[in-house]
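# Observations on the model geometry
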Amino acid sequence: MKEINIFYDAIKDVSKVASKIKTKQKKIIGYLCSYASEEMIYAAGFHPMRLFSSKSDIVLAEQHLQAYCCSLVRGVLEDSLSGRLDFLDGTVFPHTCDSMQRLSDIWRMNGKYEFFADVVLPAKLNTQSARTYMKDVLIKFKKDLETAIGKEITDADLLEAIKKFNLIRKNLSKIYAIQSQKPGIIKGADLYAIVKGSMVMDRDEVIDLLPVIVTHLEKLDVPEKKAKRIVVAGSICDSPDIYTAIEAAGGVIVGDDLCTGQRWFEGQIPEDENPIDAISTRFLDRIICPAKHSSPFARGENLVSLAKKNKADGVIFMMLKFCDPHAFDYPYLKEFLDREGIKNLAIEMDDQQQNSGQLATRFETFIHMI
Amino acid sequence: MSDKPADKRKIKSAKKMRDIMTTYYLDAMTAEQNNKQVAWITSGGPVEPLVAMDIIPIYPENHGAMIGASKMGEDLCIKAEDMGYSSDLCSYARADISCSVVKGGPLGGLPKPDMLICCNNICGTVLKWYEVQARFYKVPLFILDTPVCHTQYSSEIAKYVQTQLDEYIVFLETITKRKFNYEKMAQVGKLAYEAQLLWQKVLNTTAHKPSPMSAFDAFFFLALIVTLRGTQIAVDFYKELLEEMEQRIKDGISMVPNEKYRLLWDNLPVWYRLKWLSKKFSDHNACLVADTYTSAWCGAIKYTDENNFLGSIAQAYTMIYLNIGVDQMADQVLDMIKFYDADGFVMHSNRSCKPYSFGQMDIMKIVREKTNIPVLMIEADMVDPRSFSQSQVETRIDAFMEIIKQRSN
């Protein structure tokens, strides 16, 4: 369908997306984390753009980060140093993991772009003091943005942005819900393109496109296929081939616990509160990233309930190599799933090198087994 | 009494220190029989309130170092990998996690904790590691969240950390079912402050040429400032150690027999190759006079007010070496190079410690630009010997020392 193709075109070449945005006299702010407040960036009049690695060979980043740093962090630094991100006017680093923390330093010290902000969010989210601090750092971020644009960001600006991003989140949730209800109604690669596109494209365009896709999918009939229902879990899964390979092996993706998936878009920002309070509330209440803490069991309980809610036949962990927070959680998440009798498989992957043949075999074996 | 040259160089306080550590671990192992509670705490965490509450602090990281030094790291790391933990994770964490299950290591496992105190000023790894242990031991976990000060200690951070210190006290009162002892806290705070000053003075003695001790000795003597900070024992011990160092300076006793070259070390030690590395450098007449690691336990002392300990430590615990920006870390390295008059800088690129190791290459570049000294980076891991290639490291050290020798001629 032509609306989905627009998303494909966008993710194929983000620099094209960037040039189009620049023609509207908009500046572009990049970030690597789903705890970056897109609403605040948008309310400041900037275009928020999530950064992914272009997966090019690591040459310049070798001079800054050792080989045991994850391919996302090294890859995005490589893109920046080699000029592939020259369309950026600034970047925001919300605090996540140790590697991102140091990337932020290296990035700042190499100072390529006009705007730079660290948003040092709390690592724990389950106390009142963390809530207060979360609000405090978001207010500080707002001030940083205001200094950059030379004017105030009003509550009305923020509320308008919140409403827009809520709409995007709501429609992405709908698409996922339809897919879970009528598995296979949308190809995994399409799903990937839509979600990733929604993180990089002009959001006003996304807002128009998503409802068309939702309406289209709602009308479509369920394809008669006996695919196994799969939930994907991990940090980011920035490869449409993985979705295609899971489908080729007889699976269908019905949900995810990914930073580039439901962790990013599930949960609305309340529209009837003070905007900064409301943004904080969602960050504190949303599905948690393993680099943050709410309880030692939060992620296990969430994954089990996600799998059950989506009647998953199996869970596939896509583990980004050298991603510590996810690697620490894996054994207990697996234990939680095993205890519930939910079959699971872990795949270690690297942005730079993917062995698709071996991957296909492992998916097939797993899906035949469940 | 022997006065052989090798014996002359031995630091006499080492035996005392071993005895103190043995007593400390014995106390900890028998805590339950003595109706004492045990808290596991991260190496950068505020231990003083525990001492004030008569809770025995246990440091899994110190235990990790012991595991590494006793060359039991590989086996325990493999056991953790069998449990599903990636071999790319911190080897302290891997060794400790599997040790809890198999009761292995030099002590046959650490005493079971009654509570876990995790301060993330050193890394995000401890957050995940302590969650693992909270699930395993089913005990309460307190997290002291110290946001990274990339460029500044902001007012938001100050308020957040200070509030959490209050929450920490409440947490301890709840677990122990006892009122917090503020009077004892004031004493403990003074002792902690004094011990840190003394430790800094001990480290400063190596600015003398030749150096009375090396970083390898500092790695060893560090144990007390970590584990017994806030006690009279630590103060008394470091007083003695300082006296011994000053005496060695007077008597002209150096750690490296013919010290010609002075080096600065970065990152954690390679625990399972301390002796080998020490000999390797010594054979080149080089002494590792200082390091960025052992000074972390006194580096932020300037923020502490000994008379208002609880009210002032928020900044001291938040602004430690690993919790600041890479450019600020580089500034500290440059200061150390100057203070210790180092001829070279040796960086341990430590697979286990991402916040310590990422940014090293930028620091290396800064050091090369701002000083004239050679920099060497060696790839290793603090506990897991599988990431260490002795022949490769040897070749690189030899080449590095060759450059230093040529420069000094």
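Remember, predicted model here, so these are calculated numbers, not experimental data.

### Points about the overall build of chain A
- When you go through chain A residue by residue, the secondary structure sums to 15 helices and 8 strands.
- Taken over the C-alpha trace, chain A has a radius of gyration of 20 Å; the compact-globule value for 370 residues is 21 Å, and the two agree within 12%.
- Considering only C-alpha atoms, chain A reaches an extent of 60 × 45 × 45 Å along its principal axes.
- A buried classification covers 54% of the 370 residues belonging to chain A.
- Partitioning the intrachain contacts of chain A with sequence separation of at least 6 by distance along the chain shows that 74% fall at a separation of at least 24.

### Structural notes on the overall build of chain B
- For chain B, the count of helices and strands is 17 helices and 8 strands.
- The globule rule puts the C-alpha radius of gyration for 409 residues at 22 Å, and the 21 Å found for chain B is close to it.
- Projected onto its principal axes, the C-alpha coordinates of chain B cover approximately 65 × 50 × 50 Å.
- Across the 409 residues in chain B, those meeting the buried criterion constitute 54%.
- Here the contacts in chain B between residues at least 6 apart in sequence split such that 78% fall between residues at least 24 apart.

### As for the interface of chain A and chain B
- Facing the 43 residues of chain A at the interface are 40 residues of chain B.
- Those elements that place two or more of their residues in the side of chain A that touches chain B are helix H5 (98-110), helix H6 (128-149) and helix H14 (324-339) of chain A.
- By residue number, the principal contributor to the side of chain A that touches chain B is H14 of chain A, which donates 9 residues.
- Among the residues forming the side of chain A that touches chain B, the class breakdown is 22 nonpolar, 10 polar and 11 charged.

### A short note on the sheet that holds strand E2 (residues 46-50) of chain A
All names here are of chain A.
- Strand order in this open sheet of 4 strands is E2-E1-E3-E4, and the pairing throughout is parallel. Strands at the two margins of the open sheet, each flanked by one partner only, are E2 and strand E4 (115-119). Strand-to-strand, the axes of this sheet are offset by a mean angle of 20°, without reference to chain direction.
- Of the pairings in the sheet, the one linking strand E1 (residues 27-31) to E2 comprises 5 bridges and is parallel in character. Residue pairing in the sheet places Lys-27 in a bridge with Phe-46 of E2.

### Details of unusual backbone geometry
Residues and elements named next belong to chain B.
- With omega at -5°, the peptide bond leading from Lys-209 into Pro-210 counts as cis.
- With respect to the helices and strands, Pro-210 occurs in the loop between helix H9 (182-204) and helix H10 (215-227).
- If you check the backbone angles, Lys-71 has positive phi at about 55° while not being a glycine.
- Residue position: Lys-71 is located in the loop between helix H4 (60-69) and helix H5 (73-82).
- With phi around 55°, Lys-177 is a residue other than glycine that occupies positive phi space.
- Owing to 6 C-beta atoms within 10 Å, Lys-177 belongs among the exposed residues under this scheme.

### What about the sheet that holds strand E8 (residues 375-380) of chain B?
Residue and element names in this part refer to chain B.
- Taken together, the 4 strands give an open sheet; going across it, the order is E6-E5-E7-E8, and neighbouring strands pair in parallel fashion. Single-partner strands in this sheet number two, and they are strand E6 (286-291) and E8. Each neighbouring strand pair of the sheet contributes to a mean axis angle of 30°, computed without reference to strand direction.
- Of the pairings in the sheet, the one linking strand E7 (residues 344-350) to E8 comprises 6 bridges and is parallel in character.

### Topic: the packing of helix H10 (residues 240-248) of chain A against helix H15 (residues 356-369) of chain A
Residue and element names in this part refer to chain A.
- Contact geometry of H10 with H15 gives a least axis separation of 9 Å together with a crossing angle of 40°. Between H10 and H15, the angle is such that the two are oblique. When you trace H10 past H15, the crossing you get is right-handed. Residue-level inspection shows Asp-241, Ala-245, Ile-246 and Ala-248 of H10 in contact with H15, the latter providing Ser-356, Leu-359, Ala-360 and Phe-363.
- Residue classes in the contact of H10 with H15 are distributed as 6 nonpolar, 1 polar and 1 charged.

### Remarks on the domain arrangement of chain B
Residue and element names in this part refer to chain B.
- By domain assignment, chain B separates into domain 1 (16-183) and domain 2 (184-408).
- A separation of 23 Å is found between the C-alpha centroids of domain 1 and domain 2.
- Secondary structure elements with two or more residues in the side of domain 1 that touches domain 2: helix H2 (13-29), helix H3 (48-52), H4, H5, helix H6 (91-102), helix H8 (155-176) and H9.
- A per-element tally of the side of domain 1 that touches domain 2 places H4 first, with 6 residues.
- The residue inventory of the side of domain 1 that touches domain 2, partitioned by class, reads 29 nonpolar, 13 polar and 5 charged.

### Examining the pairing of strand E7 (residues 314-320) of chain A
Residue and element names in this part refer to chain A.
- With respect to burial, E7 is a largely interior element, 6 of its 7 residues being buried.
- Sheet topology note: the strand E5 (residues 228-234)/E7 ladder contains 5 bridges and is parallel. Considered in E7, the bridge of Ala-233 is made with Phe-317.
- Strand direction decides the pairing type here: E7 and strand E8 (residues 343-349), joined by 7 bridges, are parallel.

### Topic: the packing of helix H4 (residues 71-81) of chain A against H5 of chain A
Residue and element names in this part refer to chain A.
- Where H4 contacts H5, the two axes come as close as 10 Å, and the packing angle between them is 15°. Judged on the interaxial angle alone, H5 and H4 are roughly parallel. The interaxial crossing formed by H4 with H5 has right-handed handedness. Of the residues in H5, those in contact with Val-73, Leu-77 and Ser-80 of H4 are Ser-99, Met-100, Leu-103, Ile-106 and Trp-107.
- Its residues placed into classes, the contact of H4 with H5 shows 6 nonpolar, 2 polar and no charged.

### Some thoughts on the environment of Trp-129 of chain B
All names here are of chain B.
- Here Trp-129 lies in helix H7 (residues 125-137).
- For Trp-129, a count of 26 C-beta atoms within 10 Å gives the class buried.
- The spatial distance from the C-alpha of Trp-129 to the C-alpha of Arg-94 is 8.6 Å, given a sequence separation of 35 residues.

### Side note on the environment of Arg-108 of chain A
- Counting through the fold element by element, Arg-108 of chain A comes out in helix H5.
- With 15 residues separating them in the primary sequence, Arg-108 of chain A and Phe-93 of chain A have C-alpha atoms 10.0 Å apart.

What counts, and where the lines are drawn
- Residues numbered from 1 in each chain as written.
- Chains lettered and ligands numbered in written order.
- Predicted model: local features only at pLDDT ≥ 70, side-chain atom pairs only at ≥ 80, totals over all residues.
- Helix = DSSP H or I, 4+ residues; strand = E, 2+ residues; numbered from the N terminus.
- Rg over C-alpha atoms; globule rule 2.2 N^0.38 Å.
- Buried ≥ 20, exposed ≤ 12 C-beta atoms within 10 Å, placed from the backbone.
- Contact = placed C-beta atoms within 7 Å.
- Nonpolar A, V, L, I, M, F, W, Y, C, P; charged D, E, K, R; others polar.
- Pairing = 2+ DSSP bridges.
- Axes fitted to C-alpha atoms, helices over the stretch in contact; angles between N-to-C directions.
- Parallel < 35°, antiparallel > 145°, perpendicular 65-115°, else oblique.
- Left-handed = near helix turned anticlockwise from the far one by under 90°.
- Domains from an automatic or database assignment.

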